[in-house]
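# Results of the structural survey
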Amino acid sequence: MDRIAQDQNASTGRTPLSEGEKNTIIAGVLLSMLLAALDQAIVAPAMPTIGAALGHASYLPWIVTGYLLTATAMAPLYGRISDVYGRRPTMYAAILIFLAGSLISALATNMLVLVVGRAVQGIGGGGLFALTQTVIGDLVPPKERARYAAWISGTWAVASIAGPLLGGIFAEHLHWSLIFWINLPLGALAMLIINNPLKKLPVAARDHSIDGWGATVLVVATSLLLLALNWGGSTYSWSSPQILGLLAASALSWALFAARLLHAAEPLISLEVLSNRIVLAGTLSMFLLQAASIGLSVYLPVYLQAVLGLTAGESGMAMLGLLLGTVAGATTSGKLVPRFVHYKRIALIGIAFGVICLGLFAHLAGSASLTVVEVLTTLIGFGIGTSFPVATVSVQNAVDHAHLGVATGVLTFLRSLGGALGVAALGTIALSRHLPLAGEGMATGAAQVTEGNAFGVIFLSAAAMLAGSFLILCLMPEKPLRGGPPVEAPMVE
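Now for a look at the structure at hand. (Residues numbered from 1 in each chain as written. Predicted model: local features only at pLDDT ≥ 70, side-chain atom pairs only at ≥ 80, totals over all residues. Heavy atoms only, no water.)

### Some thoughts on the packing of helix H13 (residues 277-306) against helix H17 (residues 370-385)
A pair of packed helices is characterised by two quantities: the angle between their axes and the separation of those axes. Which entries qualify depends on this criterion: To define axes, lines are fitted to C-alpha atoms, for helices over the stretch in contact only, and angles between the resulting N-to-C directions are given on a 0 to 180 degree scale. Numbering of helices and strands runs from the N terminus; a helix is a DSSP stretch of H or I covering at least four residues, while a strand is a stretch of E covering at least two. In these notes the angle categories are as follows: under 35 degrees is roughly parallel, over 145 is roughly antiparallel, 65 to 115 is roughly perpendicular, and the rest is oblique. Less than a right angle of anticlockwise turn of the near helix away from the far helix marks a crossing as left-handed, whereas a clockwise turn marks it as right-handed. In what follows, residue pairs with any heavy atoms lying within 4.5 Å of each other are defined as contacts. Polarity classes work like this: nonpolar for Ala, Val, Leu, Ile, Met, Phe, Trp, Tyr, Cys and Pro, charged for Asp, Glu, Lys and Arg, and polar for all others, with Gly in that last group.
Relative to each other, H13 and H17 sit at 165 degrees, their axes nearing to 12 Å. For the element pair H13 / H17, the angle class is roughly antiparallel. By crossing handedness, the relation of H13 to H17 is classed as left-handed. Facing H13, whose interface residues are Leu289, Ser293, Leu296, Leu300, Tyr303 and Leu304, H17 presents Leu370, Val373, Thr377, Ile380 and Ile384. Tallied by class, residues from the contact of H13 with H17 come to nine nonpolar, two polar and no charged.

### Here we look at helix H16 (residues 344-364)
Inclusion rule: A helix is expected to span 1.5 Å for every residue after the first. For the exposure calls, accessible area comes from a 1.4 Å probe over protein chains only, and a residue counts as buried if that area is under 20% of its type's maximum, exposed if over 50%, partly exposed in between.
End to end, H16 covers 31 Å across 21 residues, agreeing with the expected 30 Å (1.5 Å per residue, within 8%). Among all positions of H16, only Lys344, Ile346, Ala347, Leu348, Gly350, Ile351, Gly354, Cys357, Leu358, Phe361 and Ala362 are buried.

### Quick look at the packing of helix H15 (residues 320-336) against helix H18 (residues 387-397)
Packing of H15 against H18 brings their axes to within 7 Å, and their N-to-C directions diverge by 50 degrees. Between H15 and H18, the angle is such that the two are oblique. On H18, the residues that touch Thr326, Ala330, Ser333 and Gly334 of H15 are Phe388, Pro389 and Val390. Split by residue class, the contact of H15 with H18 holds four nonpolar, three polar and no charged.

### Thoughts on the side chain of Thr90
Within the fold, Thr90 resides in helix H5 (residues 87-106). Taking the relative accessible area as the measure of exposure, Thr90 reaches 4% and is therefore buried. Among all residues touching Thr90, those that are not within four sequence positions of it are Tyr78, Ile81, Ser82 and Leu131.

### A word on the nonpolar core
Defined as follows: Among buried residues, those of type Ala, Val, Leu, Ile, Met, Phe, Trp, Tyr and Cys that are joined through side-chain atoms within 4.5 Å constitute a nonpolar core.
Tyr303, Leu358, Phe361 and Phe459 are the most contacted members of the largest nonpolar core, which has 80 residues in total. Ranked by the residues each element gives to this core, the list is headed by H13, at 15 residues. The contact partners of Phe361, leaving out residues within four places of it in the chain, are Leu300, Tyr303, Val373, Leu376, Thr377, Ile380 and Phe459. Among the nonpolar cores identified, the runner-up in size contains 35 residues, and Met33, Leu77, Leu128 and Ile152 belong to it.

### So, the packing of aromatic side chains
Rule in force here: Aromatic contacts are taken between Phe, Tyr and Trp rings whose centres are within 6.5 Å, Trp giving its six-membered ring; a plane angle under 30 degrees counts as stacked, one over 60 as edge-to-face, and the others as tilted.
Applying the stated criterion to the full structure yields five aromatic pairs. A centroid spacing of 5.6 Å and a plane angle of 70 degrees characterise the contact between Tyr303 and Phe455, whose relative ring orientation is edge-to-face. One end of the pair, Tyr303, is in helix H13; the other, Phe455, is in helix H20 (residues 445-475), with 152 residues separating them in the sequence. A centroid spacing of 4.3 Å and a plane angle of 15 degrees characterise the contact between Phe361 and Phe459, whose relative ring orientation is stacked. Here the residue Phe361 occupies a position in helix H16, and Phe459 occupies one in helix H20, the gap between them amounting to 98 residues.

### Here's the deal with the environment of Ser223
Topologically, Ser223 is positioned in helix H10 (residues 212-231). Given the relative accessible area of 19%, Ser223 is considered buried. Taking the C-alpha atoms as reference points, Ser223 and Leu69, 154 residues apart in sequence, are found 5.6 Å from one another. Apart from residues lying up to four places away in sequence, Ser223 is in contact with Leu69 and Ala73.

### Section: the environment of Gly245
Tracing the backbone through its elements, the reader meets Gly245 in helix H11 (residues 241-263). Considered as a pair, Gly245 and Ala228 are 17 residues apart in the sequence and their alpha carbons are 8.8 Å apart.

Dropping the structure here:
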């Protein structure tokens, strides 16, 4: 534990955590995050079965949208709450809210109740995403923290692979409600694992208050924006009064939130955090990176089915290259960060590599074989993955311990919002090019090349998002990482 953590333990009378206790906490919070990550992926394969069982199939997209809305909007609020009241009670509250939403969803007898249950799940799930990284930030100094970012990426990869498989098995062979029942024992296990060790984590700032009005306006602004992104181009046209009204109302809410930050005695997001150039550049870079990453993961399976003729199951297996490449990139970056003085270069080289590979993929999209696609997407994932540990560690290293939760919450919030915006932006391009997003079947001959080239525009747009992330990261100042034992190899300039 670094000197800051030692001073905090001394001032609070807490016994320092042993390495075993640290690892136990990390295992528990990663299990908690796995719950939230699984519930983003596990529902999709079961949606037709759920629609047949509950009726009102037209509202099925809200099973996903309801979770996304609340999870994204609540992330920065949890960071502030945990800074004020401590990690353990806030983590427990997030898990219990998530489990309550799981219970409502499992017992749902109609679509409305299920959507409500999913929204409640999202309220807890948004906290689990943010708090996992915050707790790891409490436990280990920044110089050692990068390698744990690879564990987080691995957890996401497990959820991305296991979620659809479990969802399909439960819906086809057992009962769709098991998708939600399974969360109860896993959540209870996570609470049992972290109960005693989390008591030793210090509370950063008990004497501060929560800006309830600021939190409310932030949730409203985010929800209105995400509703516009989810409905635009599908339920309503982008130029419709409904979408324009939602965008205008969201813009007004964001303006009110900005005014609240400037005038509140203790704003929800500290101006000290927002004015930090490292935090600002790191979160914006991650915003664009996630926009490219999530957008690519959504439209790559469509390309695989429409152009290469893969089935839904085969396209899911073909996605493993992108997912495993991302985990490999994050793992490699996490191991290298403590050994480099200029650790930002690791992410810059990785993102530049990803941009080049994405550009090549866009150029070959009309004629590439499955083998070429697998190689390129694995390399793209590797390049993208290198940035996750660097951005997370840089942001957390840039603030003091009292603002760790807020900074991590802002990073998590912009990552989620970037993913939603990326999917919406690439979806607009796809619709404008009349791409077969509804699985109209494989194109052949000249039509296959034409559709492949049209998908190439999507991949080129994703490359532009990555390039934007690269440029912003170039502008991010570097701050020497705090703490950590001497590394085995010499530091590299």
